[in-house]
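Secondary and tertiary structure notes
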Amino acid sequence: MTIHAVLFDLDGTLLDRDSSLLQFVRDQHQRYPELQFVEKDVFAQRFIELDNHGYVWKDKVYQQLVDEFSIQNLDWILLLEDYISNFQKHCIGFPNLLSMLTQLKDHNLKLALVSNGFGQFQYDNFKALHIEHLFDEILISEWEGLRKPDQAIFNSALTKLGVHAKNAVFVGDHPDNDIRASRDVGMRAVWKRNGQVEAVVDADAIIDDLEELAAIVIRKCDRNY
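These notes cover the structure that comes with them. (Residues numbered from 1 in each chain as written. Predicted model: local features only at pLDDT ≥ 70, side-chain atom pairs only at ≥ 80, totals over all residues. Heavy atoms only, no water.)

Focus on the environment of E144
For E144, the location among the structural elements is in helix α7 (residues 141-144). Sequence separation of E144 and V114 is 30 residues, and the distance between their C-alpha atoms is 9.9 Å. Excluding anything up to four places from it in sequence, E144 contacts I138, L139, I153, S156 and K160. (Helix = DSSP H or I, 4+ residues; strand = E, 2+ residues; numbered from the N terminus. Contact = heavy atoms within 4.5 Å.)

Examining the sheet that holds strand β6 (residues 205-207)
Here we have six strands laid out as an open sheet, ordered β3-β2-β1-β4-β5-β6, and parallel in their pairing. Sheet topology places β3 (137-140) and β6 at the edges, where each strand pairs with a single neighbour. Adjacent strand axes in the sheet meet at a mean angle of 20 degrees when their direction is disregarded. Here strand β5 (residues 188-192) pairs with β6 via three bridges, running parallel. Across the sheet, the residue bridging to V190 is A205, located in β6. (Pairing = 2+ DSSP bridges. Axes fitted to C-alpha atoms, helices over the stretch in contact; angles between N-to-C directions.)

Things to note about the packing of helix α1 (residues 17-31) against helix α4 (residues 76-86)
Between α1 and α4, the shortest axis-to-axis distance is 11 Å and the interhelical angle comes to 130 degrees. Overall, the two elements α1 and α4 adopt an arrangement that is oblique. Of the two possible hands of crossing, α1 and α4 adopt the one that is right-handed. Contacts from R17, L21, F24, Q28 and R31 in α1 reach L79, D82, Y83 and N86 in α4. (Parallel < 35°, antiparallel > 145°, perpendicular 65-115°, else oblique. Left-handed = near helix turned anticlockwise from the far one by under 90°.)

Right, here's the structure in full:
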């Protein structure tokens, strides 16, 4: 069965969020003298722990940091605003991101982003990877009023692309929100392993590097699979 489209998650799939976050936190620590009585690596490590791979929004993270480290003369709201404004400057894509997407487009495949998160924030992070021109559709949960693993957001993306689920592949790092949910809709699913999940994931393919994805999808296209 022919593949006509590939849909992607953002964080942990296209965007190396862990590396991006570490780079941002170190930069923020350096820019705010009020934070510097805490050792940079200690501050960064605690931030990353509280962030829990992005599943805790930063208002809670900053409030906890200010409380734990007894940070004086610096409002957590200011730190949050700085995060929202400047995180995009530190966004790092995974290796082989651009080459993989270019190969898919060269095979006339449609591409879409389906990401949970705050609309403008996620969109700015996506734009920072300089791959927006390769995508046909961009769906972010806040803007769509839908959130993975709700099947409706996947179906909305497929409708906008004009393709059937059986002719689409979804690529993501989350076993439930990305892999299980997209397969339930009828798409094939490729799990990008990130080292955070050790459980067995029921995916159609598993990759560790984005370069592997192009080979898998193009092979299926060429074989009219």
